[in-house]
Amino acid sequence: MEYGLLIHFEWCTGCHACEVACRNEHDFPIGKYGIKLTEQGPWQYGKNDWEWDYVPITTNLCDMCKDRIDAGEKPACVHHCMAEVMDFGTKEEILKKSAELKGKCMVLFNNK
Ligand code: SF4
Ligand code: SF4
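Residues numbered from 1 in each chain as written. Chains lettered and ligands numbered in written order. Predicted model: local features only at pLDDT ≥ 70, side-chain atom pairs only at ≥ 80, totals over all residues. Heavy atoms only, no water.

Chemist: Help me out: how do you make sense of unusual backbone geometry in this one?
Modeler: Note: most peptide bonds trans; most residues except glycine with negative phi. Residue Pro-42 follows Gly-41 across a cis peptide bond; omega there is 5 degrees. Residue placement: Pro-42 occurs in strand S2 (residues 35–44). For His-16, which is not a glycine, the phi torsion comes out positive at approximately 75 degrees. Positionally, His-16 belongs in the loop between strand S1 (3–7) and helix H1 (17–26). Within the chain, Glu-84 stands out as a residue other than glycine whose phi angle is a positive 55 degrees. Residue position: Glu-84 is located in the loop between helix H3 (76–80) and strand S4 (86–90). For Glu-84, a relative accessible area of 71% corresponds to the exposed category. (Helix = DSSP H or I, 4+ residues; strand = E, 2+ residues; numbered from the N terminus. Buried < 20%, exposed > 50% of the residue type's maximum accessible area, 1.4 Å probe, protein only.)

Printed below as a string of structure tokens:
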């Protein structure tokens, strides 16, 4: 089964909880990440229009929390995102949800 993450980053607060949850779950050393928060902006592109987003992006160390999924739990990053920016599901579920969302979002799949 192929799983994916849906990240509705328009509502991301930049709190870093997903990074910390992932590191704690996998015991990654300082400086290595399964998911890393990036920041876009701030920069202005119109009179009243600004680009300023926090965007969490998975790395090659993300295993889609295989052990947690096998145990029937959500991935650590999804579980700890209090802003409910992140969602998890099968490829079909994630693509369906992303098509229904308004605002900025992205889908990430792990094909390993
Ligand atoms: S799914 Fe698991 S391994 Fe991947 S970024 Fe989230 S917490 Fe880390
Ligand atoms: S835990 Fe949620 S709100 Fe916080 S940085 Fe990660 S995606 Fe954004």
